[in-house]
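Close look at the chain arrangement
Chain residues, written in single-letter form:
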Amino acid sequence: MSTTKIMSFNIRYENHYDVNNSWSDRKDSVINLILNHKPDILGIQEALPNPYDYIKSNLTQYNSIGVGREDGINQGERAAVFFCKNRYTLLDSNNIWLSESSKIPSVGWDACTQRIATYTKLQDETDNSIINVFNTHFDHVGKKARIESAHLIINYIKEKQIENERIIFMGDLNSFPDSITINILNSFFDDSSSISRIKPECAGPTYNDFSELPEKQTRIDYIFTRNLGVESYKVIKTRRDNNKFISDHYPITISVE
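First, a word on scope: everything that follows refers to the structure included in this document.

**Remarks on the packing of aromatic side chains**
- In the structure shown here, the tally under the stated rule is twelve aromatic pairs.
- For the ring pair Tyr52 and Phe82, a centre distance of 6.0 Å and an interplane angle of 50 degrees mean the geometry is tilted. Taken together, the residues Tyr52 in helix α2 (residues 49–58) and Phe82 in strand β4 (residues 81–84) connect sequence positions 30 residues apart.
- Aromatic pair Phe189 and Phe224: ring centres 6.0 Å apart, planes at 45 degrees, arrangement tilted. Of this pair, Phe189 sits in the loop between α4 (180–186) and β9 (190–191) while Phe224 sits in strand β10 (residues 221–226); the two residues are 35 residues apart in sequence, bridging distant segments of the chain.

**Focus: the side chain of Asp172**
- If you trace the backbone, Asp172 turns up in strand β8 (residues 167–172).
- Comment: no salt bridge for buried Asp172; closest opposite-charge side chain is Arg115, at 6.5 Å.
- A distance of 2.9 Å separates a polar atom in the side chain of Asp172 from a polar atom in the side chain of Asn10.
- At a separation of 3.1 Å, a polar atom in the side chain of Asp172 contacts the main-chain amide nitrogen of Asn174.

**Some words on the nonpolar core**
- Judged by nonpolar contacts, the single largest core of 42 residues is most densely connected at Phe9, Ile41, Ile55, Phe82 and Ile168.
- Top contributing element to this core by residue count: helix α1 (residues 23–37), with five residues.
- The residues touching Ile168, leaving out its near neighbours within four places in the chain, are Ile6, Ile131, Asn132, Val133, Phe134, Ile223, Phe224, Thr225, Leu228, Ile254 and Val256.
- Core analysis: the next-biggest nonpolar cluster, separate from the first, contains 24 residues, Leu152, Phe169, Tyr222 and Phe224 among them.

Reading guide: rules and limits
Residues numbered from 1 in each chain as written. Predicted model: local features only at pLDDT ≥ 70, side-chain atom pairs only at ≥ 80, totals over all residues. Heavy atoms only, no water. Phe/Tyr/Trp six-rings, centres within 6.5 Å; stacked < 30°, edge-to-face > 60°. Helix = DSSP H or I, 4+ residues; strand = E, 2+ residues; numbered from the N terminus. Buried < 20%, exposed > 50% of the residue type's maximum accessible area, 1.4 Å probe, protein only. Lys, Arg positive; Asp, Glu negative; His and termini not counted. Salt bridge = Lys/Arg side-chain N within 4 Å of Asp/Glu carboxyl O. Polar contact = N/O pair within 3.5 Å; in protein donor to acceptor, adjacent residues only side chain to side chain. Core = buried A, V, L, I, M, F, W, Y, C linked by side-chain atoms within 4.5 Å. Contact = heavy atoms within 4.5 Å.

Next up, the structure:
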């Protein structure tokens, strides 16, 4: 069976107050990082329409799935999934709002805004294997929303009866490793950094807040797996040419069998 490289990357939304770290200054570094690491499957978070269109137009070897979380079309951030068009065939996809009304744009529980998960079912044309991919961004305010979002994803998998298939669940979960949310996910998935066959590289913080201060460094981004062997796990700490951060998050990558 061939090896698959997965990347999760919160690109930082297009914030006009990021004077020294604006999207216009960072966007080419984002593209170069992705192209240099060549993920087979990529999940991005905080992709507003302009950055999403720019990334899509520059990643011509990828197809992408995902909708704006505010209207289910183009408004608001996407949690998009990109996959190599020459390797994968899309078999199924869905957009799941993290709320009590998961089929329509909505705000769930104590969240401060709409949150969404993008689901894709892909067939690898190199060996005909199937992989199910979820990419998401949990709410940064609502503790209950994060907990219920974890339950919602697990229940969705069970309802689709794919729990015995190969699954990737990734994203910015706004949750520390010892949180209730991560404990729930660990009861169903494997944390790729924990089961990596090769000792993880830089397995610590994934968030930097555009700062080198130690107190700003935290781990809130994850790639979970199910029914998959993980060869390697890495947090990528590449900087821009001027030594500024590419995003306020570090991308993480894994290689799976």
